[in-house]
Amino acid sequence: RSGIIVSQVNENSELVLGLISTVGTNTDDVISCIKDQLSKFHYQTEVINVSKDILSQFGNKQDFDSEYDRIKYYMDLGDTIRNRASDSSILMKGVVSEIFKRRDNIVNPSPRSRIAYIIKSIKHPEEVSFLRGAYGVGFHLIGITSSSERRHHYLVDRKSFTEEQAAELLVRDENEVEGHGQHTRDAFQESDYFIKLENELDTMQAIY
């Protein structure tokens, strides 16, 4: 799919690739594959992790006792920021600001040639709408999915969640009742491309 993405914009353009996946989906191999594929088109890639690069600027430095505590903390913090701003796209405005700062010339910050930014990760339909408005055809949303059972096992077996903790965050991540909360399921439907992780080696199957 990287060839299609590159062909849709000027060959030297900046690309912004948004990743959307639910809690418990291991996206590391997908990101590595995207980097490898884009390198064939002489693109460099930079990952913007919303939790680490954006949300962490709003909270105090934390030492987490578990992965459950870390994920829950950033979920709570993201909800708080969106609610206080009354803006479900506010975190993506932070992402755009981060991309702006990474450009070579702050006085005249033109898009960088052959750079692809990978945003990890998007959680709300309004975030998708904002990024499409900001970057037009240079933005592509990639949905990464696996079965609920697989995600549950990943959290319990590899991240040391309890059964109850895994079930709690899986439900919350997909579709919170609060309007400015996370609505991953709704945003996922707006993806331009879908990748399904199918087996224990995280083999990827593109869904057209």
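The residue numbers shown here count from 1 along each chain, following its written sequence. Note on the predicted model: pLDDT of at least 70 is required for a residue's local features to be given, and 80 or more for side-chain atom pairs to be given and counted; whole-chain, interface and lining totals, by contrast, use all residues. Calculated side-chain values reflect all of the structure's heavy atoms, with hydrogen atoms and water omitted.

Enquirer: If you had to explain the nonpolar core to someone new, which residues and values would you point to?
Expert: One broad trend across soluble globular proteins is that nonpolar side chains are buried collectively. Ranked by internal contacts, the top residues of the largest apolar core, which has 24 residues, are Val-50, Met-92, Val-95, Ile-119, Ile-122 and Phe-139. Elements with a minimum of two residues in this core: strand E1 (15-20), helix H3 (50-54), helix H4 (67-85), helix H5 (90-102), strand E3 (115-120), helix H6 (125-135), strand E4 (139-145) and helix H9 (184-188). Numbering goes from the N terminus for both helices and strands, where a helix is a DSSP run of H or I of at least four residues and a strand is a run of E of at least two. The element best represented in this core is H5, accounting for four residues. When neighbours within four sequence positions are excluded, Val-50 is seen to be in contact with Leu-55, Leu-91, Met-92, Val-95, Ile-119, Lys-120 and Ser-121. As used in this record, nonpolar core signifies buried Ala, Val, Leu, Ile, Met, Phe, Trp, Tyr and Cys residues forming a set joined through side-chain atoms within 4.5 Å. Exposure classes here rest on a 1.4 Å probe applied to the protein chains alone. A residue is buried below 20% of its type maximum, exposed above 50%, and partly exposed in between. Among the nonpolar cores identified, the runner-up in size contains 15 residues, and Leu-15, Ile-34, Tyr-43 and Ile-144 belong to it. Contacts are residue-level and defined by heavy atoms, with any inter-residue pair within 4.5 Å sufficient.

Enquirer: Can you break down the pairing of E3 residue by residue, with the values?
Expert: Within E3, five of the six residues are buried, which leaves it mostly tucked inside the rest of the structure. Direction of pairing for E1 relative to E3: parallel, over a ladder of five bridges. Each residue of the ladder has a partner; that of Leu-19, found in E3, is Lys-120. Bridging between strand E2 (residues 44-49) and E3 involves six bridges; their strand directions are parallel. Each bridged residue has a counterpart across the sheet, and for Gln-44 the counterpart in E3 is Ile-115. For two strands to be treated as a pair, DSSP must find at least two bridges joining them.

Enquirer: Pulling in residues and values, what's your account of the packing of helix H7 (residues 148-159) against helix H8 (residues 163-174)?
Expert: One can describe the packing of H7 onto H8 by two numbers: an axis separation of 9 Å at closest approach and a directional angle of 130°. The angle between H7 and H8 places the two elements in the oblique class. For the element pair H7 and H8, the recorded crossing hand is right-handed. Contact residues: Ser-148, Arg-151, His-152, Leu-155 and Val-156 in H7; Glu-163, Ala-166, Ala-167, Leu-170 and Glu-174 in H8. The axes used here are C-alpha line fits, helices contributing only the stretch in contact, and every angle between their N-to-C directions lies in the interval 0 to 180 degrees. Convention used here: angles under 35 degrees read as roughly parallel, angles over 145 as roughly antiparallel, angles from 65 to 115 as roughly perpendicular, and any remaining angle as oblique. Here a crossing is taken to be left-handed if its near helix is turned anticlockwise relative to the far helix by less than a right angle, and right-handed if that turn runs clockwise.

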